[in-house]
Structure formats: C-alpha cells, structure tokens
Amino acid sequence: MTDTQRDAASAGAGSIYWRRNLAVSLIGSFTTIVAMTLLLPFLPLYVEELGVTDHAAIVQWSGIAYGATFLAAALVAPLWGRLGDIYGRKLMLVRASLGMTVAISLMGMAGNVWQLSALRLFVGLAGGYSSGSMVLVATQTPKDRSAWALGVLSSGIMAGNLVGPLIGGALPRIIGIRATFLAAGALIFLAFLATALLIKEEKSPARKQAAKASGGWKSVADKRPVIAMLATGMLLMFANMSIEPIITVYVAQIVPAADEVTMISGLVMSAAALGSILSASRLGRLADRIGHWPVIAGALAVAGLLLIPQALVTSSWQLIMLRLLMGAALGGLLPCIAAVIRHSVPDSAAGSILGLSISSQYVGQVAGPILGGFVGGHIGMRSVFLGTSLLLLAGAAYAWIVRPREAKTSNMQAPADQFDA
C-alpha cells in the first residue's frame, strides 16, 4: 500500500473535532479577510494622508501597497504549508492570526507610505490564515464530507471579501482611518484567541517524520490530478479577475446615466461573489455525492458559456444577473480543487501541495487584471469576455480528459442521509 493510500484510509473518518475546527476556521477566515480588504475604499485617502500629494503617485503607491500583500503571500504559501505538515496546521493558524494582528494594527500608526507598504508586505509574509484553514479542514474532515466542509469555508472567505470593503467604506467616517486599522487588529486578535483555545489537532509523530522525509512534491505518486488542479485554480482566479479592470468602462457603455455608473459597477463586481457564496457549500455537497471531477468540468463549462452573453448585453440588469449565475457556477471550484488535492497526495505532503495551489491562484489573480486590461484596451472589451470564455471551456475539456480512471468508471454514490447536516 502506498503512502497516499494509507493516508487516505486513515483520514476517512476524520478528526473527532472536525466540526468545531470548521466553525472556528470559518469565523477566523471571515474576520481576517475582512481586515485585509476593508482598506480598499480608503487606501488612496490614507496614502495621501501619509504625505503623497501627486495624483499619479497616489494611484501608484496605492497599487504597490495593495499588491504587496498578495505577492508576498504567493511566495510563502508553499513554505507555510510544508511547515504545517511538519509542525502542525493549528500552529500555522496561530502564527498567521498573531502576525496579522500586529501588522494591521501597526498600519494605523504608519508615518509614511514606505512603512505602510512594508507592513502590507509583512501581512502577506506572516498571514495565510484562510489558506491554512483550507489545509486544516481538508485534512481533518471525513473524506465523504470534505467538499461540503470546504464549500462552507469558501463561503465564509468570499463573504469576508464582500463585507470588508463595505465596512471600510463606512467605519473611517465614524472613528477615523487610523482607528479603523486598530479595530481590525482587535478583531483578528479575537480570532487568534479562538484559534489558540478552541481548535484541536491530534498529534501525529508519524506524519511529522514522513513530512520531513518526503520533500512534499516528490511524495506524490500520480502528479497528473494535482497539476490539473493547480491549472484549474489559476484559471478560476484568472477568469474572475480578467473582467475587473474593464467593468466600470464597460458599464458606462450600457448605462445612460453617468451618475449611476459607479454604483452599478459595484453591483456587477459583487454579483459574482454573492453567487459563489450561495452555491459553494451546495456544489461541495453535490461533489461529495457524485464526485469532484464532474462538478469541476461542469462548473468550468457553464461559466465559460455564461461569459458569451456577457459580451452581448444591452442593459445593466442583464450583466448583473449573468455575473451572479457565473459566480454560482464557479462557487464549487475552490472546495473541489482542495478536495481533489487532499485525496491525491499523502497527508504528510497535503500542506505543501495545497500551498502550491494557493500560489497558483495568486498567479491567476495577478495575471487576470493585467491581461484583461491589455486586451480590453487594445482589442476591445467584448474580446475579454469571449477570450476568457474560450479559456474556461478549454479548462473544462482538460479537466474531463485527465480525470483519474476511477472517476471515469464510478459516480461515487453515497447515501443521501450523509449530507443532511
């Protein structure tokens, strides 16, 4: 029996604490994502408050400060994943929540834009709570509930991305920008306390020794499913983000009233996230019942087809509804990606490989806006929708072709009463 088979067998029942760990991870991921994204509405104002006066420089420094977190996180995600394999996944969550508490609180005390950017970089280096939660939940949840549990966690993460900017738009007017950072730091400190006191992780000396000896990637017997999931994660984020740079300009072409453009653009951007929040746990439950690969291929195909009419809309409500449906189609991908990786690698390498998956998603998150903006500016905005559609349809075909043999011959049926919780 291979290491992967032994780990899969031992992980079948999951941890006896998996429900409690899921609840704490859900709350902690939501609060840390809120704290990371709440600065979006007022970041340019804070950059100006820190002494940058030129308009172009304000935009440039805002982009640097915002992007620094995700660049750093992409670089260190595999490292934190591997250290979690060796020293424990709970320890990584404690480290991330404490580091983010300190860094985000200090942002409210920054004296210049260099300090702000450095602290944003440190958040990326020290953070990774939500990705660490994915690893913890994926490795401790019973195998036949893993996609559902990861879907619930994904819904919390996406909800944080929605709520964060809303809080960031309202709270600074009440308590000020600097106090908003301190409040965010206090919120993450509560997540740190809950993580340290409530999450339970069984010790596994055997896994620790195996993780030290395996080297992560080398311990994966069949790398094809993992490579497919790395590509799918990158494609998912690319598809989500490629449209972002052109949304406002595109909306301006179909909305007659100029004063409504920004409001409708915000609704369009939020619609996809809302759709994903509503569908993630449901598609995860479906994947637990019929298998992950059909859901992955189907979600990519449906999302790809929904992009075609988005290039042809004539009114804003059509675009909002299509983005909502596309978000609902894509909502199950992140939990399915994590579940496939979890079931394809030894437990001793799960953190390392899931860390690579997080990095691949950050690559898509960075490449999507860059390429989308370039194509939209030089070829045409409708071409962005159609080009992204072709990529998603190609990704669906690829996922269907490379799915493992057992996924082709078995629908992995399970009793319906297993999914009532």
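Residues numbered from 1 in each chain as written. Predicted model: local features only at pLDDT ≥ 70, side-chain atom pairs only at ≥ 80, totals over all residues. Heavy atoms only, no water.

Focus on the overall build of the protein
- A count of helices and strands for the protein gives 19 helices and zero strands.
- Contacts in the protein between residues at least 24 apart in sequence constitute 85% of all its contacts with a sequence separation of at least 6. (Helix = DSSP H or I, 4+ residues; strand = E, 2+ residues; numbered from the N terminus. Contact = heavy atoms within 4.5 Å.)

Some points on helix α7 (residues 129–140)
- Between its first and last C-alpha, α7 extends 16 Å over twelve residues, near the 16 Å set by a 1.5 Å rise per residue.
- In terms of burial, α7 is a largely internal element, twelve of the twelve residues being buried.
- Each element contacted by the buried residues of α7 is listed here: α2 (18–37), α5 (89–107), α8 (146–175), α9 (177–198), α16 (333–344) and α17 (350–378). (Expected span 1.5 Å × (residues − 1). Buried < 20%, exposed > 50% of the residue type's maximum accessible area, 1.4 Å probe, protein only.)

What to know about the packing of aromatic side chains
- For the structure shown, the criterion picks out six aromatic pairs.
- With a centroid separation of 6.4 Å and 85° between ring planes, the pair formed by Trp18 and Trp148 is classed as edge-to-face. Here Trp148 lies in helix α8 and Trp18 lies in helix α2, a separation of 130 residues in the sequence. For the pair Trp18 and Trp148, one class covers both residues: buried.
- Between Tyr46 and Phe181, the aromatic rings sit 5.2 Å apart at their centres with planes inclined by 40°, giving tilted as the arrangement. Separated by 135 residues along the polypeptide, Tyr46 in helix α3 (residues 43–49) and Phe181 in helix α9 bring together distant segments of the chain.
- For Phe181, a relative accessible area of 2% puts it in the buried group. (Phe/Tyr/Trp six-rings, centres within 6.5 Å; stacked < 30°, edge-to-face > 60°.)

Description of the side chain of Gln310
- By secondary structure assignment, the location of Gln310 is in helix α14 (residues 292–310).
- We classify Gln310 as buried; its relative accessible area is 0%.
- Discounting residues that sit within four places of it in the chain, Gln310 has contacts with Tyr250, Leu319, Leu322, Arg323, Met326 and Phe385.

Considering the side chain of His292
- Along the chain, His292 falls in helix α14.
- Accessibility expressed as a relative area gives 7% for His292, which makes it buried.
- Apart from the residues within four sequence positions on either side, His292 is in contact with Ser146, Ala147, Ala287, Cys336, Ala339, Val340 and His343.

Structural notes on the packing of α16 against α17
- For the pair α16 and α17, the least separation of the axes is 10 Å and the interaxial angle reads 145°. Handedness of the crossing formed by α16 with α17: right-handed. The residues of α17 that touch α16, namely those facing Leu334, Ile337, Ala338, Ile341 and Arg342, are Ala350, Ile353, Leu354, Ser357 and Gln361.
- Classifying every residue of the contact of α16 with α17 gives seven nonpolar, two polar and one charged. (Axes fitted to C-alpha atoms, helices over the stretch in contact; angles between N-to-C directions. Left-handed = near helix turned anticlockwise from the far one by under 90°. Nonpolar A, V, L, I, M, F, W, Y, C, P; charged D, E, K, R; others polar.)

A word on the nonpolar core
- Met229, Val251, Ile296, Met326, Leu333 and Leu392 are the most contacted members of the largest nonpolar core, which has 68 residues in total.
- Tallying contributions element by element places α14 first for this core, with nine residues.
- Here this core spans two domains, and each of domain 1 (15–201) and domain 2 (219–404) adds at least three residues to it.
- Discounting chain neighbours no more than four positions away, the residues touching Leu392 are Leu235, Ala239, Leu300, Ala303, Gly304, Leu307 and Met326.
- Grouped together as the second largest cluster of nonpolar side chains are 40 residues, Val47, Ala65, Met100 and Leu116 included. (Core = buried A, V, L, I, M, F, W, Y, C linked by side-chain atoms within 4.5 Å. Domains from an automatic or database assignment.)

Some details on the packing of α14 against α16
- Where α14 contacts α16, the axes come no closer than 10 Å and their chain directions differ by 145°. Crossing of α14 against α16: the hand is left-handed. Contacts between α14 and α16 involve His292, Trp293, Val295, Ile296, Ala299 and Leu300 from the former and Leu333, Cys336, Ala339, Val340 and His343 from the latter.
- Class assignment for the residues of the contact of α14 with α16 results in nine nonpolar, two polar and no charged.

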